[in-house]
Amino acid sequence: MAPPVIASKLFVPGPQRGLIPRPRLSGLLRQGTESRLTLVSAPAGFGKTTLLAGWLAETTDEDRCVAWLSLEQSDSDPAAFWTYVVTALQAVVPGLDPASLDQLASSSTPTERVLTSVLNVLAAMPNEVWLVLDDYHLADGREVGEGMAFLLEHVPPRMHVVISTRADPELPLSRWRVRGELVEIRAADLRFTFEEAAEYFSGVSGLDLAAKEVAALSQRTEGWIAALQLAGLSLKGRADIAGFIARFDGDDRYILDYLLEEVLAHQPEHVRRFLLNTAVLDRLTGPLCDAVTYRDDGNDMLLALERANLFVVPLDDKREWYRYHRLFAHVLRARLLGEEPGQVPLLHQRASGWYEGQGMTGEAVGHALAALDFDRAAHLMELAVPQIRRNRQDALFLGWLKELPDDVIRRSPVLSVSQAFSLMATGKLDGVEPRLQDAERAMAAAPSGAACPWSAIEEFQSLPATIAIYRASLAQARGDEIGTVDHAQHALALAGPDDHLARGAASGFLGLAAWARGDVSTALQTFTQAVASLHAAGNLVDELGSTVVLADLWLAAGRPGKARRIMQGALKMAQAQGASAERAAAELHVGLSEIDCEGGDLGGVRRHLEATPALQERAPLAESRYRWLVASGLLARAEGDPERAIDLLEQAEPLYLRGFFPEVRPIPAMKARIWITQGRLLDAGDWARERGVSVTDDASYLSEFDHLTLVRLLIAQHRACPDAGAAGQAGALLERLLDAATASGRAGSVLEIRMLLALALDVQGQRAQAREALERAFVEAPEPAEYVRLFLDEGAPMMGLLRGAAHDGPHYRAAGEHALRLLRLGTSAQAQAAGSLQGQGSSSSADLLSERELQVLRLLGGGLSGPQIAGELFISYNTLRTHTKHIFTKLEVSDRRAAVRRARERGLL
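Residues numbered from 1 in each chain as written. Predicted model: local features only at pLDDT ≥ 70, side-chain atom pairs only at ≥ 80, totals over all residues. Heavy atoms only, no water.

1. So, the sheet that holds strand β4 (residues 159–165)
Link 1 in the chain: Here five strands make up an open sheet; going across it, the order is β2-β3-β4-β1-β5 and the pairing parallel. The open sheet has two free edges, formed respectively by β2 (64–70) and β5 (182–186), since each of these has just one partner strand. Here the strands of the sheet are splayed against their neighbours by 15° on average, with no regard to which way each runs.
Link 2 in the chain: Where helix α3 (residues 78–92) meets the sheet, its contacts fall on β2 and β3 (128–134), and the angle it forms with β2 comes to roughly 150°. (Pairing = 2+ DSSP bridges. Helix = DSSP H or I, 4+ residues; strand = E, 2+ residues; numbered from the N terminus. Axes fitted to C-alpha atoms, helices over the stretch in contact; angles between N-to-C directions. Contact = heavy atoms within 4.5 Å.)

And the structure:
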């Protein structure tokens, strides 16, 4: 079974025997009751754990609960780290929701929502709660650090966090230091003074040393507690203490090697042999030790070592799992390697076998790799593939692959195909086909039937179809529609009738190929079959994730409402599955945020994006993070913060990986659209030249987004400097795009094209034709009420066109109704209170103030300076000046006082 988590009301690691009072440090630790964080930071062997254990023992308080967590290297995974932390707290704090663990189990990083719920329970505790994180440096990293920073910034007054570490953690220590919210204990504080060393030797070690002998050891070790402890062990039973101390010298490594040799030399042979043979283990438990040593006294030996203070640290309060002190383990391993290098691989192989028998594949693979038994490691990895896929542990598997020699991977068709996937997932497309060919060669060379070495490997049976699927993905990434279809159809032919996973993937690529050529009707039909196959395969996580793509297809078909409904249904299923479907739930939240953004529900957008903090920080797949950043950019644009929108899109741009989905919405074009609305037409023109888009291009679906962006640029250029030729070319391009979109059933594209036709006609002074085009856009759209940002993002020109349509409602009924609705949605509540559209002959451009501009406007009236307002809004001063310029233009004023006065007159403030 897996090692239990350390957590109890008051848990002291290791025996309490051996502690000495250290009042000077206890005083520092007491200051932690008034601080956010107590940091004990020093190199190995400075007594950090012992200090904390002793202080907690001597200050036992019935009103205090302590959760102690001793961390390991494997705990650097954010999901494991926060699962252990919450489990530790649950053991001492009643009322923590057990569902929190389910939400964290598979996550790459903890959700702020889960931590917030935990903190809320802790805030209600009448008792003090102490969370002690020992050996934090083993788990520290950017992802864990960001979660810890959130926890510490929101820690309740009666909760205190203590971190023991060898290196300063990635936390905002300087901020807390300045605020007086940090207590620090460092190596200079932890070193034994002469008095403490003397008390240690006389009281704990039982050695009667003269003052000058204590002083000599203290001076030569510089108060390093581990070295003093080792010296005390070596001095026991010696007659020539003075001689030993006189010879005790050298650098740290020399001292440790010498002392450990002395310690080991004084142990009975069976103890020494046990120590060396079990040194290869990161964690120790009796049955595992028995398997490695070929003995049957593992449990008894561990208890004896603990009693003898031989550097074993218990990892649970049941004394089932232990580890060696890391310094001790390091030297034991070095000694074992020096004395019996041939034993090391054998010991790792035995450990691997034991872990395999316990079903702990990860540890089994790790020891096989440490034994350099690559064939065994490869075999274990082949067996693990189905479970890895079901649990979406792609990162773990790719880490194993990196440890294997290339020739071992090439000999295994299963691992060759897995390596091909890893290359595809990281965008290294050129390396994919050679790996697939390696797999085919290995399969061709293998004997048939039971003699085949992979006959019992589940994954081996479906490899031909899997290879064809990866080739379809490779072709799709390279824009080879014919190749995508050919390989996907070949995969369908190879897959058995019950191989629903392969059939689902193949159908999925047929759907993506149809999507890439703009045939949305076929894409919907085929991809719906793909999702059904994934459901039949029992692969719920992939089924839920594929629902996001299916929703994208419904969006292309002009059915945002349908897309929303299927994603909402999938999200309910994902949430019911808990942690196992967490990533799918996050992707569904992001998909729903985009639909809400288009529908004008910015509050809904924020709620969905805030429900996915794992994607805010670092997602397991770049594609997931990519979509979150794009959705966040769309929100920033809708809120009137174009600079932040550009920044988010630029973060997303390098994360797009070819090979999984068609690039139907290129980031450079999205940025160009924002530049156009900002009036940065030169930047947008540079984009068009670099992208190579032209009004004479053929009407291709994969170029449609670029072409519609080019049309926006041409309209804006004509508005700035009239050019009938350019406007006419834009209209001709729109007509070609309209024919293609109509023929392919892309109602979403049709609506956007007709909207742009209306703008193109309007800018040329053809107002009646423009309103007719707008009327037709609304009439022909399947769900016109679902589209808001499509119109509002066009800014003042569209607002003017909508106002005209609203006034001409009797002549253009559909346009008039939707125009009124869009104008209401695009106008702030304050602007609506100032007067309705129907009561005015014309509306001020104040109707176009964005939410961000309204925020700036409110602060302009508050007496703050420009830099102070920028600081309040967390934006740059240049961005503030841009917002202010827009406000002055829209309100038709030239200074902030006039802007505030005009805003009050119109009910905006």
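Further notes follow.
2. As for the pattern of salt bridges
Link 1 in the chain: Counted by the stated rule, this structure contains 51 salt bridges.
Link 2 in the chain: A salt bridge links Arg 186 to Glu 184; the nearest nitrogen and oxygen atoms lie 2.7 Å apart.
Link 3 in the chain: Given the relative accessible area of 26%, Arg 186 is considered partly exposed. (Salt bridge = Lys/Arg side-chain N within 4 Å of Asp/Glu carboxyl O. Buried < 20%, exposed > 50% of the residue type's maximum accessible area, 1.4 Å probe, protein only.)

3. Describing the pairing of β4
Link 1 in the chain: Burial of β4 is extensive: seven of the seven residues sit out of reach of the surface.
Link 2 in the chain: Residue alternation in β4 divides its side chains into two sets, Met 159, Val 161, Ile 163 and Thr 165 and His 160, Val 162 and Ser 164, and both sets are buried.
Link 3 in the chain: With five bridges connecting them, strand β1 (residues 37–41) and β4 associate as parallel partners. For Leu 39, the partnering residue across the bridge sits in β4 and is Ile 163.
Link 4 in the chain: The pairing of β3 with β4 spans five bridges and is classified as parallel. Considered in β4, the bridge of Val 132 is made with Val 162.
Link 5 in the chain: In this fold, β3 hands off to helix α6 (residues 142–153), which returns the chain to β4; that crossover is right-handed. (Right-handed = clockwise from strand over helix to strand, strands pointing away.)

4. Section: the side chain of Ser 412
Link 1 in the chain: By secondary structure assignment, the location of Ser 412 is in the loop between α22 (406–411) and α23 (413–425).
Link 2 in the chain: A distance of 3.1 Å separates a polar atom in the side chain of Ser 412 from the backbone nitrogen of Leu 415.
Link 3 in the chain: Not counting residues up to four positions away in its chain, the partners in contact with Ser 412 are Glu 382 and Trp 454. (Polar contact = N/O pair within 3.5 Å; in protein donor to acceptor, adjacent residues only side chain to side chain.)

5. Observations concerning the packing of helix α1 (residues 23–30) against helix α2 (residues 48–58)
Link 1 in the chain: Packing of α1 against α2 leaves a shortest axis separation of 11 Å and a crossing angle of 75°. In terms of orientation, α1 and α2 fall into the roughly perpendicular class. Seen from α1, the contacting residues are Leu 25, Ser 26, Leu 29 and Arg 30; seen from α2, they are Leu 51, Leu 52, Trp 55 and Glu 58.
Link 2 in the chain: Among the residues forming the contact of α1 with α2, the class breakdown is five nonpolar, one polar and two charged. (Parallel < 35°, antiparallel > 145°, perpendicular 65-115°, else oblique. Nonpolar A, V, L, I, M, F, W, Y, C, P; charged D, E, K, R; others polar.)

6. Considerations on the nonpolar core
Link 1 in the chain: Formed by 78 residues in total, the largest nonpolar core has its most connected members in Leu 710, Leu 734, Ile 753, Leu 774, Phe 791, Met 798 and Leu 802.
Link 2 in the chain: Of the residues forming this core, the biggest block, 11 residues, is contributed by helix α41 (residues 747–763).
Link 3 in the chain: Ignoring anything within four residues of it in the chain, the contact list for Leu 802 reads Leu 774, Ala 819, Leu 822 and Leu 823.
Link 4 in the chain: Counting residues in hydrophobic clusters, the runner-up holds 66 residues, among them Val 271, Trp 354, Leu 380 and Ile 388. (Core = buried A, V, L, I, M, F, W, Y, C linked by side-chain atoms within 4.5 Å.)

7. Some thoughts on the pairing of β3
Link 1 in the chain: Of all seven residues that make up β3, six are buried, and the element is covered over most of its length.
Link 2 in the chain: One ladder, built from seven bridges, connects β2 with β3; its direction is parallel. Its bridge partner lying in β3, Trp 68 is registered against Val 132.

8. Brief notes about the packing of aromatic side chains
Link 1 in the chain: Applying the stated criterion to the full structure yields eight aromatic pairs.
Link 2 in the chain: Aromatic pair Phe 81 and Tyr 136: ring centres 6.1 Å apart, planes at 80°, arrangement edge-to-face. Placement of Phe 81 in helix α3 and of Tyr 136 in the loop between β3 and α6 is noted, with a sequence separation of 55 residues between them. As far as burial versus exposure is concerned, Phe 81 and Tyr 136 are alike and both buried.
Link 3 in the chain: Put simply, the rings of Phe 81, Trp 82 and Tyr 136 pair up and form one aromatic cluster. (Phe/Tyr/Trp six-rings, centres within 6.5 Å; stacked < 30°, edge-to-face > 60°.)

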